[in-house]
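Tertiary structure, described
In case you want the letters, here they are:
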Amino acid sequence: MHWITRFSAIFSAALAMILLSPSLRSFSPAAAIRSSHPYADEFKPQQNSDHSSFRESPMFRNAEQCRSSGEDSGVCNPNLVHVAITLDIDYLRGSIAAVNSILQHSMCPQNVFFHFLVSSEIQNLESLIRSTFPKLTNLKIYYFAPETVQSLISSSVRQALEQPLNYARNYLADLLEPCVKRVIYLDSDLVVVDDIVKLWKTGLGQRTIGAPEYCHANFTKYFTGGFWSDKRFNGTFKGRNPCYFNTGVMVIDLKKWRRFRYTKRIEKWMEIQKMERIYELGSLPPFLLVFAGNVAPISHRWNQHGLGGDNVRGSCRDLHSGPVSLLHWSGSGKPWLRLDSKLPCPLDTLWAPYDLYKHSH
């Protein structure tokens, strides 16, 4: 816990420096945030060829006031905080950093149960996770068959958004055990800098999902002109006040999800997309179609998103105004690639302390 205290001080100082710097002023979450990287046009990210070499994670243990995680009772223990995250070869380094950040900032890290979703090389990935986090006993690997969704996926503005594993979040209610009634879904390109239990305790009321909403964003841009001109489609928002939300950070009531069969509803819109082309951006629009206007609002501090820039250039962006509990590099620019290429964005240095990858140098 001393390490966490020291790092929290460093992190706070870094944020203060960034927020106070005239060249890094914060912008509204929904606003188009200008590039602040002098080499954004020239930057070409390079993938790491070896993803199998990671350092062992720092030690973590529950504080005295934590309730017993009841490891013998497994995934159904009521004291557990459930977190789902994907494991993919190209994003593995990000996933490991995300897990490391959650464990280091949690008062009760041994009460967090990680549900890892994979679509290939399940044995190798499980071995890697267990060797990197040898003290992490609350984990399970779930195989998501690509053919489950492959035929429903349409082309997107970025090829990475077309990968089947991006759609695994749609099937959490089927993949996870029936006794798991709530889960936090997290993308692989983020770090948590606060206690995850605070997000876990978010009240959803009558809603099925909770997420930070951005109601002053231009919601119309997420769908084509054909969608907005056809009452068969745009009528789905009648009686709703739809707002944009990012699906990379969600609290999901799986009991309600199963009851109302939301997976089928999402799949229906994906089928329509294959025939009518009503949107351009991957797995996000079907979620907006089903849930926008019916989302339990969560504080924006839990998704400082867009740090990876847009979906094409991946240029640098600044922090939005307000407190920070989670930093999210959504967009095409990923911090591990930019750091390795020696062309990092200023905020990428806030991701680096959680990186467990062994560099050759």
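As recorded by an unreviewed UniProt entry, the chain carries the name Hexosyltransferase and is attributed to Arabidopsis thaliana x Arabidopsis arenosa. In the Pathway (unreviewed entry) part of its UniProt record, the chain is described as follows: "Glycan metabolism; pectin biosynthesis." The UniProt entry for the chain carries the following text under Sequence similarities (unreviewed entry): "Belongs to the glycosyltransferase 8 family."

1. Examining the side chain of Asn77
The residue Asn77 is located in the loop between helix 1 (2–20) and strand 1 (81–86) in this model. You can call Asn77 buried: its relative accessible area is 11%. A polar contact of 2.8 Å, which involves the side chain of Asn77, links it to the backbone nitrogen of Asn79.

2. Comments concerning the environment of Val149
Mapped onto the secondary structure, Val149 falls in the loop between strand 3 (139–143) and helix 4 (172–175). On the basis of relative accessibility, which here comes to 0%, the residue Val149 falls in the buried class. In the structure, Val149 is positioned 16 residues away from Leu165 in sequence and 9.0 Å away in space, judged by C-alpha atoms. If we skip the residues at most four places from it in the chain, Val149 touches Phe144, Pro164, Tyr167, Tyr171 and Met270.

3. What about the confidence of the model for the chain?
Scored by pLDDT, the chain comes out at a mean of 85, with 81% of its residues at no less than 70. Contacts for the low-pLDDT stretch residues 1–51, under 50 throughout, to residues beyond four places or in other chains number 83 contacts.

4. Quick notes on the sheet that holds strand 9 (residues 249–253)
One open sheet holds the 7 strands; their spatial order is 3-2-1-4-9-6-10, and the pairing between them is mixed. In this open sheet, the two edge strands, each paired with only one partner strand, are strand 3 and strand 10 (296–297). Across the sheet, helix 3 (residues 122–132) touches strand 2 (112–118) and strand 3, and the angle it forms with strand 3 is around 160 degrees.

5. A word on the state of the cysteines
Disulfide: a covalent bond formed between the sulfur atoms of two cysteine residues. Using the criterion set out here, one finds 4 disulfides in the structure. Between the sulfur of Cys76 and that of Cys179 lies a disulfide, 2.1 Å long from S to S. Disulfide Cys76-Cys179: torsion about the S-S bond near -85 degrees, hence left-handed. One end of the pair, Cys76, is in the loop between helix 1 and strand 1; the other, Cys179, is in the loop between helix 4 and strand 4 (182–186), with 103 residues separating them in the sequence. Disulfide pairing places Cys215 opposite Cys243 at an S-S distance of 2.0 Å. Looking down the S-S bond of the Cys215 and Cys243 bridge, the torsion is 100 degrees, so its handedness is right-handed.

Parameters at a glance
For every chain, the first residue of the written sequence is number 1, and numbering continues from 1 onward in sequence order. Only residues with pLDDT of at least 70 get local features here, since the model is predicted, and only at 80 or more are side-chain atom pairs given and counted; chain-wide, interface and lining totals rely on the full set of residues. Water and hydrogen atoms were dropped before computing side-chain values, which therefore reflect all heavy atoms in the structure. UniProt positions are given in the numbering used here, feature names are shortened, and annotations may be inferred rather than shown by experiment. To qualify as a helix, a DSSP run of H or I must reach at least 4 residues; to qualify as a strand, a run of E must reach at least 2; elements of each kind are numbered from the N terminus. Relative accessibility decides the category of a residue: with a 1.4 Å probe and only protein chains considered, values under 20% of the type maximum give buried, values over 50% give exposed, and everything between is partly exposed. Pairs of N or O atoms within 3.5 Å make up the polar contacts considered here, provided that, within protein, one atom can donate a hydrogen while the other can accept it, and that residues adjacent in sequence are counted only when both atoms are side-chain atoms. Contact between two residues is taken to exist if any of their heavy atoms lie within 4.5 Å; hydrogens are not considered. How sure the predictor is of each residue is captured by pLDDT, a score from 0 to 100. We treat two strands as partners when DSSP finds at least two bridges between them. Angles here are taken between N-to-C directions and fall from 0 to 180 degrees, while the axes themselves are lines fitted to C-alpha atoms, restricted in helices to the stretch in contact. Our working definition of a disulfide is a cysteine sulfur pair at a distance within 2.5 Å.

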